[in-house]
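Single-letter residue listing:
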Amino acid sequence: MVLYIVLFGPLVVALLVYLLGKIRTARKRSRRQRLLSAPVSDAWRQILAAEFGLYRRLPAALQRKLLGHINVFLNEKILVGCNGMEITEQVRVLIAAQACLLILNKPGDYYPGFQTILVYPETYVTRVTRRDGALHSESLDVRAGESWQRGPVVLAWNEVLQGARDSRDGHNVVIHEFAHKLDEQNSAMDGLPVLSSAAQYQSWAQVFSEVYKVQQQKLIDDEEDVIDSYAATSAAEFFAVVTETFFEKPAQLQAAHPQLYGQLQQFYQLDPLQWEPPD
Ligand SMILES: [Zn+2]
């Protein structure tokens, strides 16, 4: 008997773990299916129509799809108010809608690896410590949002609302921080998200490194571009910033950097150029 336990015990445990994993995945899939097709409150539609410029530009089929994703997202993520911030239905729906816009046609596992979104009423100040050799410095940074690798997303509500309302200024803090979340899904936050094929990795590397170099030179030369100069600070920021530009200034991005637009169109499986023009 003891011999059997020694020989087969680990095998039985491994099998049980495997089966439990399968059951959990099947339950999650069926819960998501139910939430995707469940009717949503009219209040959500009213909030989105009134406050989210990009929602108004979406074709009706994509609007319906977005509402389903919002339902799943809000079921799985936890929004926590900081510094007295009250998490109202408007806060929940507008954050979820902007985050889910990126995964509209490829929801994957709904931003796996983290659950919490911290919301401050306004831009917040954070203490940053930097070490460069023997030099140890501290400074106070004012932030609109941030994304911790495998950790929470932090957002300032005044910036979230401004980003939702203005759909054509190229700035959207929720889109920016959730692009970082897509980026980290292959472990490193390095501007290279998970792609679908070896060929896509190759063309992505070529196009992104070319435009990134151009942006860095433009930053040095103090030259303007449709892509905000913050993109030139790192490869990770480049991906997050061009994502904001792709959704909010698609025509300008396509005209200035058609190959980059094509890569993002393929990655997000969306073509914002086809949506209603901004109002
Ligand atoms: Zn960033």
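The structure reproduced in this document is the subject of the present report.

Analysis parameters
- Residues numbered from 1 in each chain as written.
- Predicted model: local features only at pLDDT ≥ 70, side-chain atom pairs only at ≥ 80, totals over all residues.
- Heavy atoms only, no water.
- Helix = DSSP H or I, 4+ residues; strand = E, 2+ residues; numbered from the N terminus.
- Buried < 20%, exposed > 50% of the residue type's maximum accessible area, 1.4 Å probe, protein only.
- Contact = heavy atoms within 4.5 Å.
- Lys, Arg positive; Asp, Glu negative; His and termini not counted.
- Charge placed at Lys NZ, Arg CZ, Asp CG, Glu CD.
- Salt bridge = Lys/Arg side-chain N within 4 Å of Asp/Glu carboxyl O.
- Axes fitted to C-alpha atoms, helices over the stretch in contact; angles between N-to-C directions.
- Parallel < 35°, antiparallel > 145°, perpendicular 65-115°, else oblique.
- Nonpolar A, V, L, I, M, F, W, Y, C, P; charged D, E, K, R; others polar.
- Donors = N, O, S within 2.8 Å, 3.2 Å for Na, K, Ca; no water.
- Tetrahedral: all angles 85-135°; square planar, octahedral: opposite > 155°, others 65-115°.
- Phe/Tyr/Trp six-rings, centres within 6.5 Å; stacked < 30°, edge-to-face > 60°.
- Expected span 1.5 Å × (residues − 1).

Concerning the overall build of the chain
Now for step 1: Per the secondary structure count, the chain includes 11 helices and six strands.
Now for step 2: Seen along its three principal axes, the alpha-carbon backbone of the chain occupies a region of about 80 × 55 × 45 Å.
Now for step 3: Looking at the 279 residues of the chain, the share that counts as buried comes to 43%.
Now for step 4: Contacts in the chain between residues at least 24 apart in sequence constitute 66% of all its contacts with a sequence separation of at least 6.
Now for step 5: Charge separation in the chain, taken as the distance between the mean sites of 27 positive and 31 negative side-chain charges, equals 12 Å.

A closer look at the pattern of salt bridges
Now for step 1: If you walk through the whole model with that rule in mind, you get 11 salt bridges.
Now for step 2: Where E51 meets R165, a salt bridge forms, and the shortest distance between an N and an O atom there is 2.7 Å. Here the residue E51 occupies a position in helix α2 (residues 42-51), and R165 occupies one in helix α6 (residues 157-165), the gap between them amounting to 114 residues.
Now for step 3: Three or more residues are tied together by salt bridges with common partners; here these are K28, R31, R32, E76 and D109.

Structural notes on the packing of helix α8 (residues 198-221) against helix α9 (residues 235-248)
Now for step 1: Where α8 meets α9, the axes come as close as 11 Å, and the angle between the chain directions of the two elements is 95 degrees. Of the possible angle classes, the one that applies to α8 and α9 is roughly perpendicular. The residues of α9 that touch α8, namely those facing W204, F208, V211, Y212 and Q215, are A235, F238, F239 and V242.
Now for step 2: In terms of residue class, the contact of α8 with α9 is built from eight nonpolar, one polar and no charged.

Re the coordination of the zinc ion
Now for step 1: With distances of 2.1 to 2.6 Å, the protein atoms coordinating the zinc ion are H176 (NE2), H180 (NE2), E237 (OE) and E237 (OE).
Now for step 2: Considering all four donor atoms around the zinc ion, angles at the metal cover 54 to 144 degrees and the coordination shape is irregular.
Now for step 3: Each donor residue of the zinc ion lies on the same chain, and together they follow the pattern H-x3-H-x56-E. Highlighted residues: H176 in helix α7 (residues 173-183) and E237 in helix α9, separated in sequence by 61 residues. Assigned by exposure class, H176 and E237 land together as buried.

Side note on the packing of aromatic side chains
When we look at a pair of aromatic rings, we describe it by the centre distance and by the angle of the planes.
Now for step 1: Counting across every chain of the model gives 17 aromatic pairs.
Now for step 2: On the numbers, 5.9 Å between centres and 80 degrees between planes, the contact of F239 with F267 is edge-to-face. Placement of the pair is F239 in helix α9 and F267 in helix α11 (residues 258-268), with a sequence separation of 28 residues. Like F267, F239 is buried.

Describing helix α4 (residues 60-76)
Now for step 1: Taking 1.5 Å as the rise per residue, α4 with 17 residues should run 24 Å; its terminal C-alpha atoms sit 25 Å apart, in good agreement.
Now for step 2: Of all 17 residues making up α4, 12 are buried, and the element is well covered by its neighbours.
Now for step 3: Every buried residue of α4 is accounted for by L62, Q63, L66, L67, G68, H69, I70, N71, V72, F73, L74 and E76.

Distances and angles like these do not, on their own, reveal function.
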